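The chain contents come next:
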There are 2 protein chains.
Amino acid sequence: MNADTQWHYEDFEPTGSAIGYRITRKLDEVRSPFQHIEIFETTDWGNLMLIDGAVMLTSRDNFLYHEMMSHPALFTHADPKDVVIIGGGDCGTLREVLRHPGVRSAVQCDIDEQVTRMSEKHFPELCESNGDPRAQLLFDDGIAYMKNREPGSVDIVIVDSTDPVGPAEGLFNKAFYESCFRALREDGILVQQSESPLALLELIGEMRAEMGKAGFGAFQTLSFPQPCYPTGWWSCTLARKQAGAGFDFREQDARGKEFDTLYYSADIHRAAAVLPPFVRKALNEG
Amino acid sequence: MNADTQWHYEDFEPTGSAIGYRITRKLDEVRSPFQHIEIFETTDWGNLMLIDGAVMLTSRDNFLYHEMMSHPALFTHADPKDVVIIGGGDCGTLREVLRHPGVRSAVQCDIDEQVTRMSEKHFPELCESNGDPRAQLLFDDGIAYMKNREPGSVDIVIVDSTDPVGPAEGLFNKAFYESCFRALREDGILVQQSESPLALLELIGEMRAEMGKAGFGAFQTLSFPQPCYPTGWWSCTLARKQAGAGFDFREQDARGKEFDTLYYSADIHRAAAVLPPFVRKALNEG
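Residues numbered from 1 in each chain as written. Chains lettered and ligands numbered in written order. Predicted model: local features only at pLDDT ≥ 70, side-chain atom pairs only at ≥ 80, totals over all residues. Heavy atoms only, no water.

Colleague: For this particular structure, what's the right way to read the sheet that holds strand β8 (residues 135–139) of chain A?
Modeller: For sheets, the rule is that strands pair by backbone hydrogen bonds, running either parallel or antiparallel. Residue and element names in this part refer to chain A. Strand order in the open sheet formed by seven strands is β8-β7-β6-β9-β10-β12-β11, and the pairing between neighbours is mixed. Of all the strands in the sheet, the pair left with one neighbour each is β8 and β11 (218–225). Shown here is a sheet whose adjacent strand axes are inclined to one another by a mean of 15 degrees, direction ignored. For strand β7 (residues 105–110) and β8, the ladder comprises five bridges, and the chain directions are parallel. Bridge pairing in β8 places Val107 opposite Gln136. Its contacts with the sheet put helix α1 (residues 62–76) on β6 (82–87), β9 (154–160), β10 (184–193), β11 and β12 (233–240), and the angle it makes with β9 is roughly 160 degrees. Where helix α5 (residues 174–183) meets the sheet, its contacts fall on β6, β9 and β10, and the angle it forms with β10 comes to roughly 140 degrees. (Pairing = 2+ DSSP bridges. Helix = DSSP H or I, 4+ residues; strand = E, 2+ residues; numbered from the N terminus. Axes fitted to C-alpha atoms, helices over the stretch in contact; angles between N-to-C directions. Contact = heavy atoms within 4.5 Å.)

Right, dumping it as structure tokens:
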């Protein structure tokens, strides 16, 4: 090892596994009222953001997560105009949402302004659409925001949160999902990051059950690689208010999209929805 | 952390990233003439095998790799009868190959007998087909074995090796691929583990180029999650002698297979062959 580098590891207690990076230096840190945010420079992954010691993103691989949290839902909805992102303070999901020309409003509501300030400094590429007139950045409690949002005023809610412990715990239960259900229009879609299909499979089932109790009628879990999160294999789950609406997506629009993506494509969208037998069995889809 | 556990990390110098496990104790170790093999007990991943400090497999997640190294190739070949596995000393790939009733011979040639001995002790489930009369376990140099194998006597060669450094270096070049090409029948398929599509993407292109120089006419890279390897996202590459043979697989046979798999399915086979735009571009498939 070069004397100027060291290794930084994140130990995930629930999975008994760890992921680490070779870092050169700490670039920045701030203790917000909510959490401890640190930025490191790595040798191979660009900048690295940790929140309370947990890896949030790296410059190099965040495109996987951000593209998959946004484009599948936006191409599944027939005509998404009004989008709300709960969490997502790094602004990467917001940037992807705003690539869709049909979107007329995108509200990002993260409780911690410092996440966005750090992202503006250290991940400026993710914040390049923050000045878009369709974008509104709120720094507030996402649970309260969804509770107070006008009923039937949202097409897609994207819950781009940290793990279901700490500040984000309240984003994984029936009460929150009921707020989302009420705020969504009849053809609306809720999207939530749903952890690792391998290590935290039971969580996906529990999340779907809570969403179902809140009224959501149909679910689709998409999996994708995400090296910076536990096991390197991640998922998001889409929920539709109406069971009958299904998850066929606007494939021709996805193929003809006028913006570039690194990971997302119509074929990847279709492939990501294919779950392996052991996951299907756990979700009673087998 | 519990006082009885500790974290063991593998730092991958080429990718600048690391993967770790929470371990309870070292179960075994041996220094063979070729390498240092260690077995640890983990809290959440079953047993863990390291070779020269590099993670080879865990009890919990090896099914991903072993199923994807075997079933896609075996269902792509019209009628695979004679299979050779180079490396694969843990016997997991051999077990999957032998699930196919049409296979009449499966030779596993690993240079290091101690890998198999350790697997028999600590991963006995992977060795449960070692006594199959169709199986032949050789402990010899795979490069020499393929060089001396009778021309046109093999349907599928599976190169289930460690990374292209150290003992396995000679398994990633034109000379070895020429031996494989000669040993394969006209409709034969070569399969090789081809590292991470994210972190080691250039290696896939280089491998395909070397295979092409050896005469192989068509290539297909499949990607799949593999948490214990760098980035958690892995791939294998199939090469056909004849370009025209293509990669359509026996989908009906895959759907009707009479053995269980945890990860592989006909739908997963199709999905794994879908590469994201950034990989397609790097491989000039975009």
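Now that the structure has been shown, we can carry on.
Colleague: Can you help me understand the relation of the copies chain A and chain B in this one?
Modeller: Mapping between the two chain copies consists of a rotation about an axis together with a translation along that axis. Aligned on chain B, chain A shows an RMSD of 0.0 Å; the corresponding rotation is 180 degrees and the shift along the axis is 0.0 Å. Classification of the inter-copy transformation places it as that of a two-fold axis. (Least-squares fit on C-alpha atoms with pLDDT ≥ 70 in both.)

Colleague: I would appreciate a short explanation of the environment of Gly246 of chain B in the present structure.
Modeller: By the element assignment, Gly246 of chain B lies in the loop between β12 (233–240) and α7 (251–255). Residues Gly246 of chain B and Ala209 of chain B, 37 residues apart in the sequence, show an inter-C-alpha distance of 17 Å.

Colleague: Explanation requested: the packing of aromatic side chains in the structure shown.
Modeller: Centre-to-centre distance and the angle between the planes together describe a pair of aromatic rings. This structure, assessed with the given rule, holds 21 aromatic pairs over all chains. Judged by centre distance (6.2 Å) and plane angle (55 degrees), the ring pair of Trp233 of chain A and Phe278 of chain A falls under tilted. Taken together, the residues span a long stretch of sequence, with Trp233 of chain A in strand β12 and Phe278 of chain A in helix α9 (residues 277–282) at a distance of 45 residues. The same class applies to Trp233 of chain A and to Phe278 of chain A, which are both buried. Ring geometry for Tyr263 of chain A and Trp233 of chain B: centres 6.0 Å apart, planes at 75 degrees, overall edge-to-face. Placement of Tyr263 of chain A in the loop between α7 (251–255) and α8 (266–272) and of Trp233 of chain B in strand β12 is noted, with the two residues assigned to different chains. The two residues Tyr263 of chain A and Trp233 of chain B agree in class, both being buried. An aromatic cluster is defined as three or more aromatic residues linked by ring pairs; in this entry it consists of Phe63 and Tyr263 of chain A together with Trp233 and Phe278 of chain B. When the ring centre of Phe181 of chain B is taken as reference, the NZ or CZ atom of Lys241 of chain B above it lies at 4.5 Å. (Phe/Tyr/Trp six-rings, centres within 6.5 Å; stacked < 30°, edge-to-face > 60°. Buried < 20%, exposed > 50% of the residue type's maximum accessible area, 1.4 Å probe, protein only. Lys NZ or Arg CZ within 6 Å of the ring centre and 35° of its normal.)

Colleague: Mind showing me how you'd approach the interface of chain A and chain B here?
Modeller: Where the parts come together, the accessible area they lose is often given as the size of the interface. Listed by partner, the interface residues are 41 residues for chain A and 41 residues for chain B. Buried surface at the junction of chain A and chain B, summed over both partners, amounts to about 3200 Å²; 64% is from carbon and sulfur atoms. In this structure, the salt-bridge partner of Arg22 of chain A is Glu13 of chain B, at a minimum N-O distance of 2.6 Å. Inspection of the chain A/chain B interface yields 14 residue pairs in polar contact (both at pLDDT 80 or more). Looking at the side of chain A that touches chain B, the elements that each hand over two or more residues are β1 (6–12), β2 (17–31), α1, α8 and α9 of chain A. (Buried area = accessible area lost by both parts, 1.4 Å probe. Salt bridge = Lys/Arg side-chain N within 4 Å of Asp/Glu carboxyl O. Polar contact = N/O pair within 3.5 Å; in protein donor to acceptor, adjacent residues only side chain to side chain.)

Colleague: I'm lost on the side chain of Ser196 of chain A in this one. Help?
Modeller: Residue and element names in this part refer to chain A. In this fold, Ser196 is placed in the loop between β10 and α6 (201–213). Taking the relative accessible area as the measure of exposure, Ser196 reaches 0% and is therefore buried. Reaching out from Ser196, the side chain makes a polar contact with the side chain of Thr231 at a distance of 2.8 Å. A polar contact is formed between the side chain of Ser196 and the backbone oxygen of Trp233, at a distance of 3.4 Å. Not counting the four nearest positions on each side in its chain, Ser196 is found in contact with Leu201, Pro230, Thr231, Trp233 and Trp234.

Colleague: Any chance you could explain the environment of Gly256 of chain A here in plain terms?
Modeller: Along the polypeptide, Gly256 of chain A turns up in the loop between α7 and α8. Put simply, Gly256 of chain A and Leu203 of chain A are 53 residues apart on the chain and 35 Å apart in space, counted from C-alpha to C-alpha.

Colleague: How should I be thinking about unusual backbone geometry in this particular structure?
Modeller: The general pattern is negative phi for most residues beyond glycine and trans for most peptide bonds. Positive phi, normally seen in glycine, also occurs at Cys91 of chain A, with a value near 75 degrees. By relative accessible area, which is 0% here, Cys91 of chain A ends up buried. Although it is not a glycine, Thr231 of chain B sits at a positive phi angle of roughly 75 degrees. Relative to the helices and strands, Thr231 of chain B resides in the loop between β11 (218–225) and β12. Note on Thr231 of chain B: relative accessible area 6%, which makes it buried.

Coordinates in, geometry out; function isn't part of it.
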